[in-house]
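Each chain, written out:
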Amino acid sequence: MKTGLTQEEKYYQMTETPVEKLIPSLAIPTIVSMLVTSIYNMADTFFVSQLGTSASGAVGVIFSAMAMIQAIAFTLGMGSGNCISRCLGNQEYDEADQFAAVGFFTAMSIGILIAVFGTVFMRPLVLFLGATETIAPYAESYAQYIFLAAPFMMCAFVMNNLLRYQGNALYAMVGIMTGGILNLFLDPLFIFVFGMGTAGAALATAVSQFISFLILICQCNLRKDCIGIRIRNFIPSLSMYKRILHAGLPSFCRQGIASVSVILLNVTAGPYGDAVIAAMSVVSRFMMFVNSALIGFGQGFQPVCGFNFGAKRYDRVLRAYWFCVKIAIVMLTVFGVITFVFSRPIITAFRREDMEVIRIGTMALRLQVLTLPIQAWIIMVNMLSQSIGYGFRASLVAIGRQGLCLIPMLLLLPKLFDLNGIVYAQPMADLLTFVLATVIVKGILKELKTLCVTSNLSQP
């Protein structure tokens, strides 16, 4: 028997509870979920780095493939979840059921295709992703289990987002956190005790993701305040996919283009040696860990934003946005100061034996944390525009940091500054994206204020 709040009680909670109280209650579980998700990658990087510089580089190479898998899953999960949030705000429950089924079963189908394709074309794929000849054997060992786990990995990400957008972030946290904690124990067991090397790290991730999948599917189907995943509700249509892609495209742009950037980073760094690829891999994983706290906080904002936009409570959308912006900037400023001070010990913990990795990684990490406060602004602008269905503008912001701005910097700066150009690329991209995001959000906020006036709502 299902337990929890009814849909009517959930509607009242999302549209009447003060946003200053509601958002933290939703954000804490999502912050934990995002931190645990990033720990998957951090744990693999940490333990595999003990095997050598080339092995450490292999994790960075396959990370781009994992980022693409995650990008597709988040596109379907956040796209269908966003539609569900607005359907629930409009009290259209049958349509919400259909969006959940379409998102889930589409992800499962694509995951199976990725598993087959990745396994068959393993060698050329890892070389395309930027592996050197010395890194490639480690990358293949790591990739084999990642591709096999793709269907369950994608479905877990989709369900995590479906639960969040319904305001059930705590249930999502349970599934993700259980898998993340399990991964921390399985990594050293498979890598060192069973002697599986990089393949052991990937197998640990695969097993952990499968356990998360099982927990999340139970959460969806056994609670009355959660939309169940039912094959009978899988009624796909072109119009439904258009709505899902319109809402989820910013996620794909953000994470898909990030995957392209990682590939380009690996290819650009390759001529400078495995140490550069390993150093930038460690920095990327750590920055993902830092940013995951902010993204988790923002994901506590998204269901509130989408729900209230669907309920035409534009005043609550504005109040929630400004509340989150203030918290986000303070949060990342504090993280930035701490990370800058301890940057060298952080990099050393991953690759103690290689001084070149430590030198390059320390410099790159310090430069990247300098832009953390403006990253807070960029991410919140992206989440606001995506949650209220402004897909094109959200996509522009999403691809700005890792695409429109970063890719040109990676192509240009190494030619001007050699190795330092690779290190300078991300901070420069952040500055350019900040300008883009500010221009875009100015128009969105003006539109929301106009909607408040026409709806006779007070502005925050």
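Up top is the structure these notes are about.
Overview of the structure.

### Considering the layout of surface pockets
For the largest pocket, the calculated volume is near 230 Å³. Along the walls of the largest pocket sit 14 residues, with A65, M68, I114, L125 and F147 positioned nearest its centre. Among the elements of the structure, α3 (53-89), α4 (93-120), α5 (122-128) and α10 (238-269) are those that each provide at least two residues to the lining of the largest pocket. The greatest single-element share of the lining of the largest pocket, amounting to 5 residues, is contributed by α3. Residues belonging to the lining of the largest pocket are distributed by class as follows: 11 nonpolar, 3 polar and no charged. As for the second largest pocket, its lining consists of K10, Q13, S25, L26, P29, G167, N168, A169, L170, Y171 and D225. Elements that contribute at least two residues to the lining of the second largest pocket include exactly α1 (7-16), α2 (19-49) and α8 (169-193). Here the residues of the lining of the second largest pocket are counted per class, giving 5 nonpolar, 4 polar and 2 charged.

### Topic: the pattern of salt bridges
On inspection of all chains with the given rule, the structure shows 7 salt bridges. Put simply, R243 and E95 hold a salt bridge, and the shortest N to O gap is 2.5 Å. Residue R243 is found in helix α10, and its partner E95 is found in helix α4; the two are separated by 148 residues along the sequence. R243 sits in the partly exposed class, given a relative accessible area of 38%. Taking the relative accessible area as the measure of exposure, E95 reaches 25% and is therefore partly exposed. Two residues, R393 and E447, come together in a salt bridge whose shortest N-O distance is 2.8 Å. Taken together, the residues span a long stretch of sequence, with R393 in helix α16 (residues 391-404) and E447 in helix α18 (residues 419-454) at a distance of 54 residues. According to the relative accessible area criterion, R393 is partly exposed, its value standing at 26%. A residue is classified by how much of its surface remains accessible, and E447, at 31% relative accessible area, is partly exposed. A single network of salt bridges, built from pairs that share partners, joins E16, R313 and D315.

### With respect to a nonpolar patch on the surface
A contiguous nonpolar surface patch, about 620 Å² in accessible area, is contributed by V330, V334, F335, V337, I338, V341 and F342. Turning to its location among the elements, V330 is positioned in helix α12 (residues 314-341). With a relative accessible area of 53%, V330 lands in the exposed category.

### Structural notes on the packing of aromatic side chains
Scanning all chains against the criterion turns up 19 aromatic pairs. Pairing F104 with F105 gives two aromatic rings, centres 5.0 Å apart and planes at 85 degrees, and the pair type is edge-to-face. What makes F104 buried here is its relative accessible area of 5%. With relative accessibility at 19%, the residue F105 sits in the buried group. When the centroid spacing of 6.5 Å and the interplanar angle of 45 degrees are considered together, the rings of F297 and F323 count as tilted. Taken as a pair, F297 in helix α11 (residues 274-310) and F323 in helix α12 lie far apart in primary sequence, 26 residues in all. Put simply, the rings of F104, F105, F152, F210, F213 and F234 pair up and form one aromatic cluster. One Lys or Arg, R223, reaches over the ring of Y171 and ends 4.2 Å from the middle of that ring.

Definitions and limits used
Residues numbered from 1 in each chain as written. Predicted model: local features only at pLDDT ≥ 70, side-chain atom pairs only at ≥ 80, totals over all residues. Heavy atoms only, no water. 1 Å grid on protein atoms, 1.4 Å probe; cavity = no way out; pocket = protein on both sides within 12 Å on 5 of 7 lines; lining within 4 Å. Points joined across faces, edges and corners; volume = space filled by probe spheres on them. Helix = DSSP H or I, 4+ residues; strand = E, 2+ residues; numbered from the N terminus. Nonpolar A, V, L, I, M, F, W, Y, C, P; charged D, E, K, R; others polar. Salt bridge = Lys/Arg side-chain N within 4 Å of Asp/Glu carboxyl O. Buried < 20%, exposed > 50% of the residue type's maximum accessible area, 1.4 Å probe, protein only. Patch = residues over 30% accessible without salt bridge, like charges linked within 9 Å, V, L, I, M, F, W, Y side chains within 5 Å. Areas by Shrake-Rupley, 256 points an atom, 1.4 Å probe, with all protein chains shown as cover. Phe/Tyr/Trp six-rings, centres within 6.5 Å; stacked < 30°, edge-to-face > 60°. Lys NZ or Arg CZ within 6 Å of the ring centre and 35° of its normal.

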